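Secondary and tertiary structure notes
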Amino acid sequence: MMLTQLAAVLLTRFQDVLIGRFVSVSRSAATRIAWRMIDLIAQTTVQPIVAVSFVTLSHLQDDAMRFRSAFCDARAGGIPDPAGDHRLRRAV
């Protein structure tokens, strides 16, 4: 995960340099502020979900049926699938 974060920072800095060089420095500042707004939304919504999913799925990696059920629930937006829960109880 650290490599992904490093790549995101490098991409952001590279964009700043290109926009500042070929457009203008003030346009680079406006783009940077807009980018930070998008980043703020991602930090408050997506990153907590990723962090929790990462830990949860790592705990379930040895149990294929529970892993599959948790993964499908996460993909569906966290809405539990009653049929999936029923199959899970019957298998156990």
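Scroll up a little and you will see the structure.
Residues numbered from 1 in each chain as written. Predicted model: local features only at pLDDT ≥ 70, side-chain atom pairs only at ≥ 80, totals over all residues. Heavy atoms only, no water.

**Considering the packing of aromatic side chains**
- The full count for this structure, using the stated rule, is 1 aromatic pair.
- Ring plane angle 0° and centroid distance 6.5 Å describe the contact between Phe 67 and Phe 71, whose orientation is recorded as stacked. Of this pair, Phe 67 and Phe 71 are both found in helix H3 (residues 64-75), 4 residues apart, which corresponds to roughly one turn of the helix.
- A relative accessible area of 30% places Phe 67 in the partly exposed class.
- We classify Phe 71 as partly exposed; its relative accessible area is 37%.
- Directly above the ring of Phe 22 sits Arg 21, whose terminal nitrogen or CZ lies 5.6 Å from the centroid. (Phe/Tyr/Trp six-rings, centres within 6.5 Å; stacked < 30°, edge-to-face > 60°. Helix = DSSP H or I, 4+ residues; strand = E, 2+ residues; numbered from the N terminus. Buried < 20%, exposed > 50% of the residue type's maximum accessible area, 1.4 Å probe, protein only. Lys NZ or Arg CZ within 6 Å of the ring centre and 35° of its normal.)

**Some thoughts on the packing of helix H1 (residues 2-22) against helix H2 (residues 25-59)**
- Running from N to C, H1 and H2 point in directions that differ by 150°, and their axes come no closer than 8 Å. With respect to their mutual orientation, H1 and H2 come out roughly antiparallel. At the point where H1 passes H2, the crossing takes the right-handed sense. Residues Thr 12, Arg 13, Gln 15, Asp 16, Ile 19 and Gly 20 of H1 pack against Val 25, Arg 27, Ser 28, Thr 31, Arg 32 and Trp 35 of H2. (Axes fitted to C-alpha atoms, helices over the stretch in contact; angles between N-to-C directions. Parallel < 35°, antiparallel > 145°, perpendicular 65-115°, else oblique. Left-handed = near helix turned anticlockwise from the far one by under 90°. Contact = heavy atoms within 4.5 Å.)

**Some remarks on the pattern of salt bridges**
- Within this structure, the stated rule accounts for 2 salt bridges.
- Among the salt bridges present, the one from Arg 13 reaches Asp 16, with a minimum N-O distance of 3.9 Å. You can see Arg 13 and its partner Asp 16 sitting in helix H1, 3 residues apart, about one turn around the helix.
- Here Arg 32 and Asp 16 are joined by a salt bridge, their closest N and O atoms 3.5 Å apart. Taken together, the residues Arg 32 in helix H2 and Asp 16 in helix H1 connect sequence positions 16 residues apart.
- Salt bridges sharing partners connect three or more residues here, namely Arg 13, Asp 16 and Arg 32. (Salt bridge = Lys/Arg side-chain N within 4 Å of Asp/Glu carboxyl O.)

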